[in-house]
Amino acid sequence: MDSPTSTPVPLVAHLIELRNRLLKAVLVILVLFVGLYTFANDLYLIVSEPLRLLLPSGSSLIATEVASPFLAPLKLTFAIAILVSVPYTLFQAWSFIAPALYKNEKKIAIPLLISSIFLFYAGVLFAYFVVLPLIFGFFTTVGPGEVTVMTDINNYLNFVLKLFFAFGVTFEIPVATYLLIKAGVTTVTSLSKKRPYIFLGCFVIGMLITPPDIFSQTLLAIPMFLLFELGLIAGRTVKVEVDESFEKDA
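The structure contained in this document is the topic of the report that follows. Because the structure is predicted, anything quoted here is derived from the model rather than measured.

A look at a nonpolar patch on the surface
Taken together, Leu 11, Leu 15, Leu 18 and Leu 22 make up a surface patch of nonpolar side chains, about 390 Å² in accessible area. Following the sequence through the fold, Leu 11 ends up in helix α1 (residues 11–37). For Leu 11, a relative accessible area of 61% puts it in the exposed group.

In C-alpha cells, the structure reads:
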C-alpha cells in the first residue's frame, strides 16, 4: 500500500503551512468582497426578489434603522463572497491534509470534495428558487387583510441567509452518511432499521432551524430524509467493496 511521506515534519512547520493557507483563503474572500461591493445594491435586489414579487400592492421592503440601507447590502456582499470562495477554501483545506493520505484515500476524497461543493450550492439554489417563493407565497397571503406587509431589509436578510446556510448544510447529508458508513461508525442495515427515528428527527431539525410553521419545516424535513436515502444508496457501494476485498483475501 502506498503510504504518506515518511519524513517527519515539525509541528511548527504544519502550523505555519496552516496559517498560510488560512491567510490565502481570507485574502480571496476579501478580494471577492471588494470586487462584488460595487454591485451590493443589485445583489440585494436579486436576493430580495422572491419576496418583492409576492408583496401585495402598496407594500414594500423598509429600513427601520438609520444604517440599514448601507449595512444590509454590505453584509450580503460579504456573505456572497464567502459562498463564492467555498471551492477555493476547500481546495486549501485539501492541499493541507492531502500529503497525509494514502493514494486509495485520495481517490475517495476527491469525488467527495467535489460532491460536497456541488451539494452545498444545490442546497442554496433550492432554497432560493423553491423554498423562498413557497414560504413567502404562504406568509404574504395568510395575514389579516387590513395588515400591510412591510418587512425590514435587515430582518429579511438574516432570515434568508439562515435558510441558505441551513439548506446548504442539509444537502451535505449524503456525503456525511457515506463517510459514517465508510469509516465503520455505522452500517447501511443499521441506518435502514432506524428510518422512522431519522424521519422524525428530520422534522425536529426542520422545526429548530426554520420559521415556526409546519409549512417551512416540511420543506426542509422532506429533502433531508430523501438526501439521507441517497446517502444510503451510496453507502451500499461500501458494502460491495468490503465483500469484494474479503473474497480476494479468501
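Comments concerning the environment of Ile 135
With respect to the helices, strands and loops of the structure, Ile 135 is situated in helix α5 (residues 103–142). In this structure, the C-alpha to C-alpha distance between Ile 135 and Phe 215, residues 80 residues apart in sequence, is 7.4 Å. Once residues within four sequence positions are removed from consideration, Ile 135 is found in contact with Phe 159, Leu 163, Phe 215, Ser 216 and Leu 219.

Topic: helix α4 (residues 86–97)
Think of an α-helix as 3.6 residues a turn; residues three or four steps apart then line up on the same face. A rise of 1.5 Å per residue sets the reference length of α4, with its twelve residues, at 16 Å; its end C-alpha atoms lie 17 Å apart and thus fit the reference within 8%. Among all positions in α4, only Val 86, Gln 92, Trp 94 and Ser 95 are buried.

A closer look at the nonpolar core
Ranked by size, the top nonpolar core spans 47 residues in total, and within it Tyr 44, Leu 76, Leu 132, Tyr 156, Phe 164 and Phe 167 carry the most contacts. Leave out the neighbours within four places in its chain, and Leu 132 touches Pro 50, Ala 127, Phe 159, Val 160, Leu 163 and Phe 164.

Points about the pattern of salt bridges
For the coordinates displayed, the defined rule picks out two salt bridges. One salt bridge in this structure joins Glu 17 and Arg 21, with 3.2 Å as the shortest N-O distance. Of the two residues, Glu 17 and Arg 21 are both situated in helix α1; the distance of four residues between them amounts to about one turn of the helix. For Glu 229, the salt bridge goes to Arg 195, with nearest N and O atoms at 2.5 Å. With a gap of 34 residues between them, Glu 229 in helix α10 (residues 214–249) and Arg 195 in helix α9 (residues 195–209) connect regions that are remote in the sequence.

Observations regarding the packing of helix α3 (residues 68–84) against helix α6 (residues 153–170)
Contact pair α3 / α6: the axes reach a minimum separation of 9 Å and the direction vectors enclose 15°. What the angle tells us is that α3 and α6 run roughly parallel. In the packing of α3 onto α6, the handedness of the crossing is left-handed. Listed contacts from α6 to Ser 68, Pro 69, Ala 72, Lys 75, Leu 76 and Ala 79 of α3 are Ile 153, Asn 154, Leu 157, Asn 158 and Leu 161. When its residues are assigned to classes, the contact of α3 with α6 shows seven nonpolar, three polar and one charged.

Re the packing of aromatic side chains
The final tally for this structure, using the stated rule, is 14 aromatic pairs. With a centroid separation of 6.5 Å and 55° between ring planes, the pair formed by Tyr 128 and Phe 164 is classed as tilted. On the criterion of sequence distance, the pair formed by Tyr 128 in helix α5 and Phe 164 in helix α6 is long-range, its members being 36 residues apart. The same class applies to Tyr 128 and to Phe 164, which are both buried. With a centroid separation of 6.0 Å and 40° between ring planes, the pair formed by Phe 225 and Phe 228 is classed as tilted. Here Phe 225 pairs with Phe 228, and both are found in helix α10, just three residues apart, close to one helical turn. Like Phe 225, the residue Phe 228 is buried in the burial classification. Taken together, the ring pairs connect Tyr 44, Phe 136, Tyr 156 and Phe 159 into an aromatic cluster.

Section: the environment of Met 150
Relative to the elements of secondary structure, Met 150 occurs in the loop between α5 and α6. Its relative accessible area of 37% is what places Met 150 among the partly exposed residues. When the C-alpha atoms of Met 150 and Gly 58 are compared, they prove to be 9.4 Å apart, with 92 residues separating the residues in sequence. With residues up to four places along the chain from it excluded, the contact list for Met 150 reads Gly 58, Ser 59, Ser 60 and Ile 62.

What counts and how
Residues numbered from 1 in each chain as written. Predicted model: local features only at pLDDT ≥ 70, side-chain atom pairs only at ≥ 80, totals over all residues. Heavy atoms only, no water. Patch = residues over 30% accessible without salt bridge, like charges linked within 9 Å, V, L, I, M, F, W, Y side chains within 5 Å. Areas by Shrake-Rupley, 256 points an atom, 1.4 Å probe, with all protein chains shown as cover. Salt bridge = Lys/Arg side-chain N within 4 Å of Asp/Glu carboxyl O. Helix = DSSP H or I, 4+ residues; strand = E, 2+ residues; numbered from the N terminus. Buried < 20%, exposed > 50% of the residue type's maximum accessible area, 1.4 Å probe, protein only. Contact = heavy atoms within 4.5 Å. Expected span 1.5 Å × (residues − 1). Core = buried A, V, L, I, M, F, W, Y, C linked by side-chain atoms within 4.5 Å. Axes fitted to C-alpha atoms, helices over the stretch in contact; angles between N-to-C directions. Parallel < 35°, antiparallel > 145°, perpendicular 65-115°, else oblique. Left-handed = near helix turned anticlockwise from the far one by under 90°. Nonpolar A, V, L, I, M, F, W, Y, C, P; charged D, E, K, R; others polar. Phe/Tyr/Trp six-rings, centres within 6.5 Å; stacked < 30°, edge-to-face > 60°.

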